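Summary of structural features
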Amino acid sequence: MPRRLPGLLTVALLFFASPVAAQAPASQVRNQLDTARDALRDQGLRPSHSYRLDRLREEGEDTVSVGLTATRSYAIVGACDTDCADLDFWLYDENDNLIDSDTGTDAVPVVRVTPRWSGTFSLRVRMAACAVEPCAYGIGVFGD
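The structure displayed is predicted, hence computed values, not measured ones.

**Some remarks on the pattern of salt bridges**
Using the criterion set out here, one finds 11 salt bridges in the structure. The partner of Glu59 in a salt bridge is Arg126, with the nearest N and O atoms 2.1 Å apart. Within this pair, whereas Glu59 is found in the loop between strand S2 (52–56) and strand S3 (61–68), its partner Arg126 is found in strand S8 (residues 119–130), the two being separated by 67 residues in sequence. With a relative accessible area of 45%, Glu59 lands in the partly exposed category. In this structure, Glu61 and Arg126 form a salt bridge, with 3.8 Å as the shortest nitrogen-oxygen distance. A residue pair is termed long-range when its members are at least 10 positions apart, and Glu61 in strand S3 and Arg126 in strand S8 qualify at 65 residues. Using a relative accessible area of 42% as the deciding quantity, one classes Glu61 as partly exposed. Salt bridges here are not isolated pairs; linked through shared partners, they connect Glu59, Glu61, Asp88, Arg124 and Arg126.

**Some thoughts on the state of the cysteines**
Overall, the coordinates contain 2 disulfides when judged by the stated rule. With a sulfur-sulfur separation of 2.1 Å, Cys80 is cross-linked through a disulfide to Cys84. Disulfide Cys80-Cys84: the torsion about the S-S bond is -60°, which places it as left-handed. Cys80 sits in the buried class, given a relative accessible area of 2%. With relative accessibility at 9%, the residue Cys84 sits in the buried group.

**Examining the pairing of strand S4 (residues 74–80)**
Within S4, 7 of the 7 residues are buried, which leaves it mostly tucked inside the rest of the structure. Both faces of S4 are covered, namely the face carrying Tyr74, Ile76, Gly78 and Cys80 and the face carrying Ala75, Val77 and Ala79. Pairing analysis gives 4 bridges linking S4 to strand S7 (residues 110–113), with the strands arranged antiparallel. In the sheet register, Val77 faces S7, and the bridge partner there is Val110. In this sheet, strand S9 (residues 135–143) lies alongside S4 in antiparallel orientation, the contact comprising 7 bridges. Paired with Val77 across the bridge in S9 is Gly140.

**Things to note about the packing of aromatic side chains**
When we look at a pair of aromatic rings, we describe it by the centre distance and by the angle of the planes. One pass over the structure, following the stated rule, counts 1 aromatic pair. Above the plane of the ring of Trp90 lies Arg124, whose end atom (NZ or CZ) is 3.8 Å from the centre.

Reading the values: the criteria
Residues numbered from 1 in each chain as written. Predicted model: local features only at pLDDT ≥ 70, side-chain atom pairs only at ≥ 80, totals over all residues. Heavy atoms only, no water. Salt bridge = Lys/Arg side-chain N within 4 Å of Asp/Glu carboxyl O. Helix = DSSP H or I, 4+ residues; strand = E, 2+ residues; numbered from the N terminus. Buried < 20%, exposed > 50% of the residue type's maximum accessible area, 1.4 Å probe, protein only. Disulfide = S-S within 2.5 Å. Pairing = 2+ DSSP bridges. Phe/Tyr/Trp six-rings, centres within 6.5 Å; stacked < 30°, edge-to-face > 60°. Lys NZ or Arg CZ within 6 Å of the ring centre and 35° of its normal.

And the structure:
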C-alpha cells in the first residue's frame, strides 16, 4: 500500500479548495475530506470514524485520541480551509512511540498505520500556517 495519498488526490483536493472559497470554513473542510474519502475508496479504505472538525490559530496545536483496531490498515487525512497553507500531523501509539508523521509544507497531511494491537492512538495536529486566524481543519480516519 502506498505510504502517502496519490499525487492525483492531492491535486484534486487543492483543485476543489478553490471553488469552495465562498463557503463557510467548515463546509470547505468537509468537502475536502469527502474528496479524500472518494479517492481512498479505490484503495479499499472507507470512513471508520466520524470526521472531526475544529479550529486552530497559527502555530496552535491540538491532540486528538483515535481508537484503532489491530491489523486494520488506516489512513488519517487532514484538510483545512482556504486560509490555511500548512497543517502537520504526528501519530503516536499509547506508549508515546512515533508511528508516522507528515510535516510537509502543504495543507493535506496523511499518516498511515496498521496497528499490531487495538488501542487508543494520539494524533498531534499543528496549524503551521494560517493567514486568517483561526483556521478550520478536519481529520478523516479511513480503514480497510
